[in-house]
Amino acid sequence: MREIHNIVILTGAGISAESGLAIFRGPEGLWEGHRVEDVATPEAFARDPVLVQRFYDARRENLKRVEPNAAHAALARLDEAWPGGLLIVTQNVDDLHERAGAKRLLHMHGELNSAWCRACDMRMAWSGAMGGDPACPGCGVAGRLRPDIVWFGEMPYEMERIDAALMEADLFVSMGTSGNVYPAAGFVQTARYCSARTLEINLEPSIGSYLFDESRTGRAGELVPAWVEEVLK
Ligand SMILES: [Zn+2]
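Summary of the structure given here. In this text, all values refer to a predicted model and were calculated from it rather than measured experimentally. (Residues numbered from 1 in each chain as written. Predicted model: local features only at pLDDT ≥ 70, side-chain atom pairs only at ≥ 80, totals over all residues. Heavy atoms only, no water.)

With respect to the overall build of the chain
Then step 1. Looking only at helices and strands, one finds nine helices and eleven strands in the chain.
Then step 2. Here the C-alpha radius of gyration of the chain, 18 Å, is about what a compact globule of 233 residues would show, namely 17 Å.
Then step 3. Principal-axis analysis of the C-alpha atoms places the extent of the chain at approximately 55 × 35 × 30 Å.
Then step 4. Among the 233 residues that make up the chain, the fraction classed as buried is 48%. (Helix = DSSP H or I, 4+ residues; strand = E, 2+ residues; numbered from the N terminus. Rg over C-alpha atoms; globule rule 2.2 N^0.38 Å. Buried < 20%, exposed > 50% of the residue type's maximum accessible area, 1.4 Å probe, protein only.)

Concerning the pattern of salt bridges
Then step 1. The full count for this structure, using the stated rule, is 17 salt bridges.
Then step 2. Of the charged contacts, one joins Asp57 and Arg60 as a salt bridge, the two residues approaching to 2.7 Å between their closest N and O atoms. Taken together, the residues span about one helical turn, with Asp57 and Arg60 both in helix H4 (residues 49-63) at a distance of three residues.
Then step 3. With a shortest N-O distance of 2.8 Å, Glu214 and Arg216 are connected by a salt bridge.
Then step 4. Residue Glu214 is classed as partly exposed on the basis of its relative accessible area, which comes to 27%.
Then step 5. Overall, the relative accessible area of 19% leaves Arg216 in the buried class.
Then step 6. Beyond isolated ion pairs, a larger network of salt bridges with shared partners links Arg35, Glu37, Asp38 and Arg47. (Salt bridge = Lys/Arg side-chain N within 4 Å of Asp/Glu carboxyl O.)

Here we look at the coordination of the zinc ion
Then step 1. Protein coordination at the zinc ion comes from Cys117 (SG), Cys120 (SG), Cys136 (SG) and Cys139 (SG), with a distance range of 2.3 Å.
Then step 2. Of note is the zinc ion, whose four donor atoms meet at the metal with angles of 105 to 114° in an arrangement that counts as tetrahedral.
Then step 3. Read in sequence order, the donor residues for the zinc ion give the motif C-x2-C-x15-C-x2-C.
Then step 4. A relative accessible area of 32% places Cys120 in the partly exposed class. (Donors = N, O, S within 2.8 Å, 3.2 Å for Na, K, Ca; no water. Tetrahedral: all angles 85-135°; square planar, octahedral: opposite > 155°, others 65-115°.)

Notes on helix H7 (residues 159-168)
Then step 1. Three or more residues of H7 are buried, namely Met159, Ile162, Ala165 and Leu166. When H7 is viewed along its axis, its buried side chains cluster within an angular range of 125° and face the same direction. When the buried face of H7 is taken as reference, the exposed residues oriented beyond 90 degrees from it are Glu160 and Glu168.
Then step 2. Contacts made by the buried residues of H7 are with strand E1 (7-11), strand E4 (86-90), strand E5 (105-107), strand E9 (171-175) and helix H8 (187-193). (Arc of directions from axis to C-beta. Contact = heavy atoms within 4.5 Å.)

Here we look at the packing of helix H5 (residues 70-81) against helix H9 (residues 220-232)
Then step 1. Remark: H5 packs on H9, axes separated minimally by 7 Å, with the N-to-C direction vectors making an angle of 20°. On the basis of their axis angle, the class for H5 and H9 is roughly parallel. For the crossing formed where H5 meets H9, the hand is left-handed. Together, Ala70, Ala71, Ala74, Leu75, Arg77, Leu78 and Ala81 of H5 and Ala220, Gly221, Val224, Pro225, Trp227, Val228, Glu229, Val231 and Leu232 of H9 make up the contact between the two elements.
Then step 2. Taken together, the residues that form the contact of H5 with H9 break down as 13 nonpolar, one polar and two charged. (Axes fitted to C-alpha atoms, helices over the stretch in contact; angles between N-to-C directions. Parallel < 35°, antiparallel > 145°, perpendicular 65-115°, else oblique. Left-handed = near helix turned anticlockwise from the far one by under 90°. Nonpolar A, V, L, I, M, F, W, Y, C, P; charged D, E, K, R; others polar.)

Observations concerning the sheet that holds strand E7 (residues 123-125)
Then step 1. The three strands are arranged E7-E6-E8 in an open sheet whose pairing can be described as antiparallel. Edge positions in the sheet fall to E7 and strand E8 (145-149), since each has one partner strand and no second. Pairwise comparison of adjacent strand axes, ignoring direction, gives a mean angle of 45° for this sheet. (Pairing = 2+ DSSP bridges.)

Focus: the environment of Ile201
Then step 1. Tracing the backbone shows Ile201 in strand E10 (residues 197-202).
Then step 2. Look past the residues within four positions of Ile201 in its chain and what remains in contact with it is Val173, Ser174, Met175, Gly176, Arg216, Leu223, Val224 and Trp227.

These figures come from the coordinates and say nothing about function on their own.
What follows is the structure, encoded as structure tokens:
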């Protein structure tokens, strides 16, 4: 096994689930009682912006009632202590990684606590409600803010930076993700192709489990801290 300098970690909904945040890809394709296509597509926002804003306002408000868990804390500790390259790529739109203290972090699907003004193209921190057509603090235009979330059918953020990190990675670890949403589901293949060792940590084996050198199944709150201990030993 080659020596490990650069680590890329992909995290998904399974990491936040143990903090009490709902996973939206349930068996019925529902997210907090809404069909995913009614709240998480650009078409849904064009059709019914009031519903979509109300939905994300509620998700943003709910964030204030949850806390990072042991998996978030362990990754923040690794980020702090790891002397080599490290990038945490999260598919989650919550802020639990950064609240735990992670710094080398990238939100590939956007963030609940960010607004994107379609009038001036500015993105800004946003912790309150976006419904009710507030004015953009940048350009002053009202009613043009949207959640800074990558919806289905839209391009994830910072793909070039992610690809570059995967190509340099010696170890790629996928945590709490079902492995059925592309492009994230393809990261393991890029990492393998570039000779990284690959590990999956998930509640159950994912669809792409066979692509990983190793697969560990169980609760992220237990397995992630144990893995971080191994890496830092
Ligand atoms: Zn603006």
